[in-house]
Amino acid sequence: WLGGRGPPPYAPLLTSVVAPFVFGFLVGPGRVNRRGDGARGGLVVDKCKFLQESNCKGLCLHQCKRPAERLFDDLGVPLRVAPNFETQECQWSWGVAAPAPEADDAWPDNCLAGCANRKLLPAAGRREC
């Protein structure tokens, strides 16, 4: 971005305003809010489609969270996707680097209650999705 200087300061805000129109059909309706640090550039997805349909943290991580974070990192605007597994809301924060799932305190250790894949794991020789 701009000779290695990083994204312009308005990029997180602009991305959060455009994202509901571009990604809403994939993740569900959302609204612009502030990031956890109080800066502009946040979006909260009211009811994440991935979590509503699957209730599976593995699908969330591998089909939504990490791909979205990688996409925006590649575009030069860091993104942290922080799902709330209890409310099925999801906070997207542009301009914030995402920690690795194993370093994320908010990421659950075990399968979620109600995960349909949970029953299939022992047969596959795995403990988690």
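Rules used in this analysis
Residues numbered from 1 in each chain as written. Predicted model: local features only at pLDDT ≥ 70, side-chain atom pairs only at ≥ 80, totals over all residues. Heavy atoms only, no water. Buried < 20%, exposed > 50% of the residue type's maximum accessible area, 1.4 Å probe, protein only. Helix = DSSP H or I, 4+ residues; strand = E, 2+ residues; numbered from the N terminus. Pairing = 2+ DSSP bridges. Phe/Tyr/Trp six-rings, centres within 6.5 Å; stacked < 30°, edge-to-face > 60°.

**Some details on the pairing of strand S4 (residues 90–94)**
On any regular strand, side chains alternate: one points to one face of the sheet, the next to the other face.
Move 1: S4 sits mainly inside the fold: five of its five residues count as buried.
Move 2: Of the two faces of S4, the one holding Cys90, Trp92 and Trp94 and the one holding Gln91 and Ser93 are both buried throughout.
Move 3: Looking at chain direction, strand S2 (residues 40–45) and S4 are connected through four bridges and run antiparallel. Bridge pairing links Leu43 to Trp92 in S4.
Move 4: Across five bridges, strand S3 (residues 79–83) lies against S4 in antiparallel orientation. Pairing of Ala82 across the sheet is with Gln91, part of S4.
Move 5: Counting the residues in the hairpin turn of S3 and S4 gives six residues, including Gln88, whose phi is positive at 65 degrees.

**Looking at the packing of aromatic side chains**
Move 1: Scanning all chains against the criterion turns up four aromatic pairs.
Move 2: A centroid spacing of 5.9 Å and a plane angle of 70 degrees characterise the contact between Phe23 and Phe72, whose relative ring orientation is edge-to-face. Note that Phe23 is positioned in helix H1 (residues 11–27) and Phe72 in helix H3 (residues 57–75), a separation of 49 residues in sequence.
Move 3: Residue classification places Phe23 among the partly exposed positions, given a relative accessible area of 22%.

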